[in-house]
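Residue strings, one per chain:
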Amino acid sequence: MTPKSGDRFSDKIMLETTTARQRISRGFGMKTILTSLALLGLVLAGTAAATTGAIAQEEAHSEAAPTHFPIHEPKEMDWSFAGPFGTYDKAQLQRGLKVYKEVCAACHSMKLVAFRTLEDLGYSEAQVKALAAEYTINDGPNDAGEMFDRPGIPSDYFPAPYPNDQAAAAANGGAAPPDMSLLAKARGVTRGFPRFVFDIFTQYAQGGPDYIHSLLTGYDEQPPAGMEIPEGTHYNPYFIAGVSLKMPNPLSDDQVTYDDGSPQTVDQYSRDVSAFLMWAAEPHLEARKKTGFRVLVFLLLFGALVYLTKRKVWAGVAH
Amino acid sequence: MCCPGDRCRSGGATVITGFFSAIPLVGEWIQQLLLGGFAVDNPTLNRFFSLHYLLPFMIAGVVVLHIWALHVVGQSNPTGIEVKSKTDTVAFTPYATIKDAFGMLVFLFIFAYFVFYLPNFLGHPDNYVVADPLKTPAHIVPEWYFLPFYAILRAITFNIGPINSKLGGVLAMFGSIAMLFLVPWLDTSKVRSAVYRPWYKLFFWLFVIDAVLLGWLGSQPAEGSYVFMAQMATLFYFAFFLVVLPVLGLIETPRRLPNSITEAVLEKNKGGGGGHPARATAAPETKG
């Protein structure tokens, strides 16, 4: 809730109250009901104003002790998969996969994504087979009732770096790194009124990748003077649930080698891995948008024909 | 032991079954019966899935009742005046059929837009997090169409005599829906249409604003001045049904009613006003 929308809100109510009053002054009777109604409106407007005041006060509160998170809104980036005709940039997804494999996968699992689906990224069947074989999968039990290790095959899923959540939490200072399969859709900062109304028309649905990208590039910022950062956590003004998080800055420039000549910067890495995670969370996004366009065009044409037919049918009847 | 389902819904199931625990004496028992245990688990999900596949069939049954009612009492109309002669009506097909077909296509267009381009717009990111019975989400936000009722539920923060705030909230929430069923007895006005009731029109729009306000309050945390605002809005919600509807019908002077639907239509077409050319009532259009 931003103070701005609070203002609009109280304006609306005050407007309503004035209308009610104007109607009273016309002298219709039922004065008592309307007066009490106007009073109710005034009370509501008053509380709305009070809320706005309280929120403004909270925001003016010392920078060192913020009460609303994230401190900074996620930066809105240009994504190739945004908008009605959005498609994934396969080269970017391949780079993102590389970042995931070499950096994120050390701690984060991605257990809902199968190797075979990586063909979507532009890899051939043989390349996917080779990629899967790099992993060791614990399988079984065999005829002797024992679990055994074997190289991965395309139908396997990305193996988790830790055997269970408890082990993951124990190895990471008490917070288990979340699974990344659906992360790009499981994170997002509330847009608030009136932005969520505009989002309907701009089709903004990239809150997840924007958030991940902002978080990954947000470690550079220094906490304001006097802010207390709990031990074992790292300040990040883009973190959704507090001033700092357990995950340290995972990326640095030139950490991952790109073969296609793309800049090897933290910003580029974060963009690529965010796009890759969006693909992991929604591999059929392109098909969804493509089908949607056809459906809407059909409905528009059919709707226009039905409308004209309706006009024709009703033309001879007073209504 | 893991519970399939996402974090929000499992939190929602806890809250919904919690409503029943507010009933005196048998509440706990009913809650456990619904949950199939002491907490949300697989039996709960099975029950809830069964309920949710069954509901569409029940709605289909109500559609049958709707069609029956349509055949028995006929369609209502914006003037709220009984049909008096043949000229008051038109045939269902093609007139109503084609109009409804167009309306349905407009709805489908908007629906498809959301389905294909903004499938997560009305959802919550937490719906993509696997449920964990040991971790309850900080804020449970219900689906948008439940928000006004959620605000009413949380507005009752005080005890009323023997009714504690929890039971009071649940009663107020279910009561807010029950009000709709009582409208035929609460509305004392002889005039059926708001078109001829200027004061009722005003209160109706205030009620709409109140419902939207409650919806917004339902999405906000229940703290500080939000609680007071929700209480005031809840008060108006119930006052609309229990005070405004019965009293207004008795004391309001409605505008003059037309004698028949035909007269109302002719009057409307004649009095275009403001530069609109008066449309000939039965002139065939040249279009097409």
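Residues numbered from 1 in each chain as written. Chains lettered and ligands numbered in written order. Predicted model: local features only at pLDDT ≥ 70, side-chain atom pairs only at ≥ 80, totals over all residues. Heavy atoms only, no water.

### Re the overall build of chain A
- Check the secondary structure of chain A and you find 10 helices and 4 strands.
- In sequence order, chain A lays out its α and β elements as α-α-α-α-β-β-α-α-α-α-β-β-α-α.
- For chain A, the proportion of its 319 residues judged to be buried stands at 40%.
- Of the contacts made within chain A by residues no fewer than 6 positions apart, 65% connect residues no fewer than 24 positions apart.
- Of the roughly 17,100 Å² of accessible surface on chain A, 58% is carried by carbon and sulfur atoms. (Helix = DSSP H or I, 4+ residues; strand = E, 2+ residues; numbered from the N terminus. Buried < 20%, exposed > 50% of the residue type's maximum accessible area, 1.4 Å probe, protein only. Contact = heavy atoms within 4.5 Å. Areas by Shrake-Rupley, 256 points an atom, 1.4 Å probe, with all protein chains shown as cover.)

### As for the UniProt feature "transmembrane region" (unreviewed entry) in chain A
- Residues annotated in UniProt with the feature "transmembrane region" (unreviewed entry) correspond here to residues 291-309 of chain A.
- Split by type, residues 291-309 of chain A is 100% helix and 0% strand. Its first and last C-alpha atoms lie 27 Å apart. (UniProt positions renumbered as here; feature names shortened; annotations may be inferred.)

### Observations regarding the state of the cysteines
Residues and elements named next belong to chain A.
- Counted according to the given criterion, the structure contains 0 disulfides over all chains.
- Of all cysteine sulfurs in the structure, the one in Cys-107 sits closest to Cys-104, which takes part in no disulfide; the separation is 9.1 Å.
- Given a relative accessible area of 14%, Cys-104 falls into the buried group. (Disulfide = S-S within 2.5 Å.)

### Some details on the nonpolar core
All names here are of chain A.
- By size, the foremost hydrophobic cluster in this structure holds 47 residues, and its most contacted members are Met-110, Leu-118, Phe-158 and Trp-279.
- Contributing elements (two or more residues each) for this core: α3 (90-102), α4 (125-133), α6 (183-186), α8 (207-217) and α9 (266-281).
- For this core, the element with the highest residue contribution is α9, accounting for 10 residues.
- Each residue touching Met-110, except ones within four places of it in the same chain, is listed here: Tyr-100, Phe-158, Asp-179, Met-180, Ser-181, Phe-276, Leu-277 and Ala-280. (Core = buried A, V, L, I, M, F, W, Y, C linked by side-chain atoms within 4.5 Å.)

### Comments concerning the domain arrangement of chain B
All names here are of chain B.
- Annotation of chain B at the domain level lists domain 1 (1-73) and domain 2 (78-89 + 135-282).
- Between domain 1 and domain 2, the residue contacts involve 11 residues of the former and 9 residues of the latter.
- Note on domain 1 versus domain 2: buried area summed over both sides is about 900 Å², and carbon and sulfur give 76% of it.
- At the junction of domain 1 and domain 2, the tally comes to 0 salt bridges. (Domains from an automatic or database assignment. Buried area = accessible area lost by both parts, 1.4 Å probe. Salt bridge = Lys/Arg side-chain N within 4 Å of Asp/Glu carboxyl O.)

### A closer look at helix α4 (residues 92-117) of chain B
- Taking 1.5 Å of rise per residue, 26 residues should cover 38 Å, and α4(B) covers 36 Å from first to last C-alpha, within 8% of that figure.
- Residues of α4(B) that are buried: Tyr95(B), Ala96(B), Ile98(B), Leu105(B), Ala112(B), Tyr113(B), Phe116(B) and Tyr117(B). (Expected span 1.5 Å × (residues − 1).)

### Re the pattern of salt bridges
Residues and elements named next belong to chain A.
- Overall, the coordinates contain 17 salt bridges over all chains when judged by the stated rule.
- We note a salt bridge from Lys-185 to Glu-282, for which the minimum N-O separation is 3.5 Å. Within this pair, whereas Lys-185 is found in helix α6, its partner Glu-282 is found in the loop between α9 and α10 (285-314), the two being separated by 97 residues in sequence.
- Taking relative accessible area as the criterion, Lys-185 reaches 14% and is therefore assigned buried.
- What makes Glu-282 buried here is its relative accessible area of 10%.

### Here we look at the UniProt feature "transmembrane region" (unreviewed entry) in chain B
All names here are of chain B.
- According to UniProt, the positions carrying the feature "transmembrane region" (unreviewed entry) are residues 53-73, 101-123, 144-161, 167-186, 198-217 and 229-251.
- For residues 144-161, the end-to-end C-alpha separation is 32 Å, with 50% helix and 0% strand making up the annotated structure.
- Across residues 198-217 one finds 100% helix and 0% strand; the C-alpha atoms that close the span lie 29 Å apart.

### Details of a nonpolar patch on the surface
Residue and element names in this part refer to chain B.
- Taken together, the side chains of Leu-51, Tyr-53, Leu-54, Leu-55, Phe-57 and Met-58 present a nonpolar region at the surface, about 610 Å² in accessible area.
- Locating Leu-51 in the fold gives a position in helix α3 (residues 42-73).
- The partly exposed category is assigned to Leu-51, whose relative accessible area is 42%. (Patch = residues over 30% accessible without salt bridge, like charges linked within 9 Å, V, L, I, M, F, W, Y side chains within 5 Å.)

### Quick word on the packing of helix α6 (residues 165-186) of chain B against helix α8 (residues 225-251) of chain B
Residues and elements named next belong to chain B.
- Direction vectors running N to C along α6 and α8 enclose 15°, while the axes themselves pass 9 Å from each other. Put simply, α6 runs roughly parallel to α8. Considering only the axes of α6 and α8, their crossing is left-handed. Facing Ala-172, Gly-175, Ser-176, Met-179, Leu-180, Val-183 and Leu-186 of α6, the residues of α8 in contact are Tyr-237, Phe-238, Phe-241, Leu-242, Leu-245 and Pro-246.
- Residues that form the contact of α6 with α8 fall into these classes: 11 nonpolar, 2 polar and no charged. (Axes fitted to C-alpha atoms, helices over the stretch in contact; angles between N-to-C directions. Parallel < 35°, antiparallel > 145°, perpendicular 65-115°, else oblique. Left-handed = near helix turned anticlockwise from the far one by under 90°. Nonpolar A, V, L, I, M, F, W, Y, C, P; charged D, E, K, R; others polar.)

### Describing unusual backbone geometry
- Here the residue pair Phe69(A) and Pro70(A) is connected by a cis peptide bond, since its omega of -5° sits within 30 degrees of zero.
- Relative to the elements of secondary structure, Pro70(A) occurs in the loop between α2 (31-60) and α3.
- Following Thr93(B), the chain continues to Pro94(B) via a peptide bond in cis, the omega torsion being 10°.
- Note on placement: Pro94(B) falls in helix α4.
- Within the chain, Gln203(A) stands out as a residue other than glycine whose phi angle is a positive 55°.
- Structurally, the position occupied by Gln203(A) is in the loop between α7 (195-202) and α8.
- Residue class for Gln203(A) comes out buried when judged on its relative accessible area of 8%.
- The backbone phi angle of Asp254(A) is positive, close to 60°, even though this residue is not glycine.

### Description of the packing of aromatic side chains
- A complete count under the given rule lists 32 aromatic pairs over all chains for this structure.
- On the numbers, 5.4 Å between centres and 55° between planes, the contact of Tyr237(B) with Phe241(B) is tilted. With Tyr237(B) and Phe241(B) both in helix α8 and 4 residues apart, this pair spans about one turn of that helix. As far as the burial class goes, Tyr237(B) and Phe241(B) line up, both buried.
- An aromatic cluster of three or more residues is present, and its members are Tyr200(B), Phe204(B), Trp205(B), Phe207(B), Tyr237(B), Phe238(B), Phe240(B) and Phe241(B).
- One cation-aromatic arrangement involves Arg191(A) over Tyr204(A); the distance from NZ or CZ to the ring centre is 3.9 Å. (Phe/Tyr/Trp six-rings, centres within 6.5 Å; stacked < 30°, edge-to-face > 60°. Lys NZ or Arg CZ within 6 Å of the ring centre and 35° of its normal.)

### Some words on the side chain of Ser189(B)
- Mapped onto the secondary structure, Ser189(B) falls in the loop between α6 and α7 (198-219).
- A polar contact is formed between the side chain of Ser189(B) and the backbone nitrogen of Val191(B), at a distance of 3.1 Å. (Polar contact = N/O pair within 3.5 Å; in protein donor to acceptor, adjacent residues only side chain to side chain.)

### Considerations on the UniProt feature "domain: Cytochrome c" (unreviewed entry) in chain A
- Mapped onto the present numbering, the UniProt feature "domain: Cytochrome c" (unreviewed entry) falls on residues 91-281 of chain A.
- Between the C-alpha atoms that bound residues 91-281 of chain A the distance is 18 Å, and the span itself is 35% helix and 6% strand.

### A few points about the packing of α3(A) against α9(A)
Residues and elements named next belong to chain A.
- Where α3 meets α9, the closest approach of the two axes is 7 Å, and the angle between their N-to-C directions is 100°. In terms of axis orientation, α3 runs roughly perpendicular to α9. Each of Gln-92, Leu-93, Arg-95, Gly-96, Leu-97, Val-99 and Tyr-100 in α3 lies in contact with α9, whose residues at this interface are Gln-268, Tyr-269, Arg-271, Asp-272, Val-273, Ala-275, Phe-276 and Trp-279.
- In terms of residue class, the contact of α3 with α9 is made up of 9 nonpolar, 3 polar and 3 charged.

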